[in-house]
Amino acid sequence: MKGSKKQIRPGVWRIWISLGRDEISGKYKYATSTFYGTEKEAEVEVHRLVGDREALRNRPDRRAFAGVLEDVFRFMEASKRSATTVYGYRKIARKHIIPAIGSKDVSKIGARDLDVLYSRMSEAGASPAYIRQAHAIIRRTLAQAVKWDWVKENVAEKATPPSLDDREAAAPTSEQVLAIVKYFQDRERYTYATYYLLAAATGARRSELCALRWSDVDFLAQEIRIERTLVYVPGSNSATLPTGVQHEGARGGGHKVIEKPRSKSGKVRRIALDDWIARIVSGQMNELRKAAEQAGGAPVVADPFLFFSSPTGATPVHPDHFTREFQRACEELKLPFHLHQLRHFAATTLIASGMDARTVASRLGHANANVTMKVYAHALQSKEQEAAVIMSRALGSGDR
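Residues numbered from 1 in each chain as written. Predicted model: local features only at pLDDT ≥ 70, side-chain atom pairs only at ≥ 80, totals over all residues. Heavy atoms only, no water.

Peer 1: What should I look at first to understand the sheet that holds strand E3 (residues 28–36) in this one?
Peer 2: Note on sheets: strands pair through backbone hydrogen bonds, and any given pair is parallel or antiparallel. Spatially, E1-E2-E3 is the arrangement adopted by the three strands of the open sheet, whose pairing is antiparallel. Strands with a single pairing partner mark the edges of an open sheet, and in this sheet they are strand E1 (3–9) and E3. Taking each pair of neighbouring strands and ignoring which way they run, the sheet shows an average axis angle of 25°. Summarising the sheet, strand E2 (residues 12–21) and E3 pair through nine bridges and their orientation is antiparallel. Bridged to Gly20 within E3 is Lys29. On the sheet, helix H1 (residues 39–51) packs against E1, E2 and E3 and is oriented at approximately 20° with respect to E2. (Pairing = 2+ DSSP bridges. Helix = DSSP H or I, 4+ residues; strand = E, 2+ residues; numbered from the N terminus. Axes fitted to C-alpha atoms, helices over the stretch in contact; angles between N-to-C directions. Contact = heavy atoms within 4.5 Å.)

Peer 1: Hey, could you run me through the nonpolar core in this one?
Peer 2: Soluble globular proteins tend to bury their nonpolar side chains together. Core analysis: the largest hydrophobic core is formed by 48 residues, its most contacted members being Tyr196, Leu198 and Phe322. Every element with two or more residues in this core is listed here: helix H7 (174–186), helix H8 (190–202), helix H9 (206–210), strand E5 (223–226), helix H10 (275–294), helix H11 (319–333) and helix H12 (341–352). By residue number, the principal contributor to this core is H8, which donates eight residues. If we ignore the near neighbours within four places in the chain, the residues touching Leu198 are Gly203, Leu209, Leu212, Leu273, Ile277, Val281, Leu306 and Phe307. Of all hydrophobic cores here, the second largest spans 30 residues; its members include Phe73, Leu114, Ile131 and Ala159. (Core = buried A, V, L, I, M, F, W, Y, C linked by side-chain atoms within 4.5 Å. Buried < 20%, exposed > 50% of the residue type's maximum accessible area, 1.4 Å probe, protein only.)

Peer 1: What should I look at first to understand the environment of Tyr89 in this one?
Peer 2: Of note, Tyr89 is situated in helix H4 (residues 83–101). When the C-alpha positions of Tyr89 and Gln133 are compared, they lie 7.9 Å apart, and in sequence the two are 44 residues distant. If near-sequence neighbours (up to four positions away) are discounted, Tyr89 is found in contact with Phe73, Met76, Arg81, Gln133 and Ile137.

Peer 1: Looking at this structure, how should I read the environment of Ser207?
Peer 2: With respect to the element layout, Ser207 can be found in helix H9. In this structure Ser207 comes out as buried when scored by relative accessible area, which is 15%. In sequence terms Ser207 and Asp320 are 113 residues apart; their C-alpha atoms lie 9.4 Å from each other. Look past the residues within four positions of Ser207 in its chain and what remains in contact with it is Arg228, Thr229, Leu230 and Val231.

Peer 1: What am I meant to see in the packing of H4 against helix H6 (residues 128–147) here?
Peer 2: Helix-helix packing: each pair is described by the crossing angle between the helix axes and the interaxial distance. H6 packs onto H4 with a crossing angle of 75° between their chain directions and a minimal axis gap of 10 Å. Our classification of the angle between H4 and H6 gives roughly perpendicular. For the pair H4 and H6, contact is made by Tyr89, Ile92, Lys95, His96, Ile97 and Ile101 and by Tyr130, Gln133, Ala134, Ile137 and Ile138, respectively. The residue inventory of the contact of H4 with H6, partitioned by class, reads eight nonpolar, two polar and one charged. (Parallel < 35°, antiparallel > 145°, perpendicular 65-115°, else oblique. Nonpolar A, V, L, I, M, F, W, Y, C, P; charged D, E, K, R; others polar.)

Peer 1: It is not clear to me how the pattern of salt bridges should be interpreted in this structure. Could you clarify?
Peer 2: Two side chains bearing opposite charge may form a pair once their charged atoms approach each other closely. Taken as a whole and judged by the stated rule, the model has 19 salt bridges. Across the pair Asp216 and Arg228 runs a salt bridge whose closest N-O atoms are separated by 2.5 Å. Of this pair, Asp216 sits in the loop between H9 and strand E4 (217–218) while Arg228 is found in strand E6 (residues 228–231), placing the two residues twelve residues apart along the sequence. Exposure remark for Arg228: the relative accessible area of 19% places this residue in the buried category. Note that Arg328 is salt-bridged to Glu325, the shortest N-O span being 2.7 Å. Of the two residues, Arg328 and Glu325 both sit in helix H11, three residues apart, roughly one turn of that helix. Here Arg328 falls in the partly exposed class, since its relative accessible area comes to 39%. (Salt bridge = Lys/Arg side-chain N within 4 Å of Asp/Glu carboxyl O.)

Peer 1: Looking at this model, I keep getting lost on the pairing of E2. Mind explaining?
Peer 2: Each regular strand shows side chains that alternate between the opposite faces of the sheet. Of all ten residues that make up E2, seven are buried, and the element is covered over most of its length. Joining the antiparallel neighbours E1 and E2 is a turn of two residues, in which Gly11 adopts a positive phi near 80°.

Peer 1: What exactly am I supposed to notice about the sheet that holds strand E7 (residues 241–242) here?
Peer 2: Pairing is antiparallel across the open sheet formed by three strands, whose spatial order is E6-E8-E7. Strands with a single pairing partner mark the edges of an open sheet, and in this sheet they are E6 and E7. The sheet contact formed by E7 and strand E8 (residues 256–261) spans two bridges and is antiparallel. Pairing of Leu241 across the sheet is with Val257, part of E8.

Peer 1: Can you help me understand the confidence of the model for the chain in this one?
Peer 2: Detailed reading of the predicted coordinates is not advisable wherever pLDDT is low. Averaged over every residue, the pLDDT of the chain is 82; residues scoring 70 or more account for 82%. Within the chain, the element-level pLDDT minimum falls on helix H15 (residues 377–394), averaging 62, and the maximum on E4, averaging 95. Within the model, pLDDT remains below 50 along residues 245–254, and this stretch shows 17 contacts once partners closer than five positions in the same chain are excluded. (pLDDT = per-residue confidence, 0-100.)

Peer 1: Could you clarify how one ought to interpret the packing of helix H3 (residues 65–78) against H4 in this entry?
Peer 2: As a packed pair, H3 and H4 sit with axes 11 Å apart at the nearest point and diverge in direction by 175°. By the criterion of interaxial angle, the relationship of H3 to H4 is roughly antiparallel. Contact with H3, carried on its side by Phe65, Ala66, Leu69, Glu70, Phe73, Met76 and Glu77, involves Val86, Tyr89, Arg90, Ala93, Ile97, Ile98 and Ile101 of H4 and no other residues of that element. Here the residues of the contact of H3 with H4 sort into eleven nonpolar, no polar and three charged.

So this is what it looks like as structure tokens:
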């Protein structure tokens, strides 16, 4: 029964309306009210409230944080935010945020609740960058609650997430990058050696490199064009492109990914190559031709993937596979790095060589130079100190 009434004294009725099962606790929720009038009038009020069940269910003063968070995720999906980004946010929320504050009314959450959450995440081994992602999710959710006038202030602004450690943007040295490349060359796993070398030389993202096709390489202009990305989102109906590589485990055997434009505007990023890197890319294309011959002359598709997992070139390598293989190599070589730090290597190397932030931003695909300056502030600071020395020398080192 969705609604009921009970007379508690003459002319006074207590009305109960079922609001359905709570998404967080699993228990049924009810809205209650006191009504003054006749039994017939009380019955009419019951029917009216039953008709307003949806509005009662979504009343601001009854909204738990998890409910607001779900609305925010839906808004992000509707605005075509990266499916990978939303999936990552949902994963963080499901693992850390919802268990801690999901059942709390948004108006009852304080800065201390958030600081306790961040502290527990840190004690569990979460990195500062990961915790700050959780903080960003919470801040955005509470900002929405402020817009809806459900809370007066965004208490996330008062919370204290951990500061980013300089190691978050640490980069391997040239010697360490070459040691990783050599690790795969010594094992005759040339596709991997090429992939990691290209990642370090271009600073391109994992998803961008996995999406490269032969048509994206222009040997005459000596550049590669970054037009698409290859992303993995579990359970996505948009995932139509199969992948398959040996030893890929549960995700292998044709696990599907999404191939999509790199940017909503369709803007293409061009990254220059020198003769050496161009020859290495050409060698990777020859690897596909060899694979096709070994498969009995399998026909190569018209525009194959540069990093392939089938002898026709029609099937790309799953992005997670490159991450996992890189981690295995670093563990054997006792190097404390993850795949994304090859991107940091590209950025810090260019900055250290005196390249301006705008050019570095363009090569990395940052929206603007401000993003580059923020992420690599430590590298830019070292250049600032070098600039001070240069100016001092130009002015005679202060000898007057």
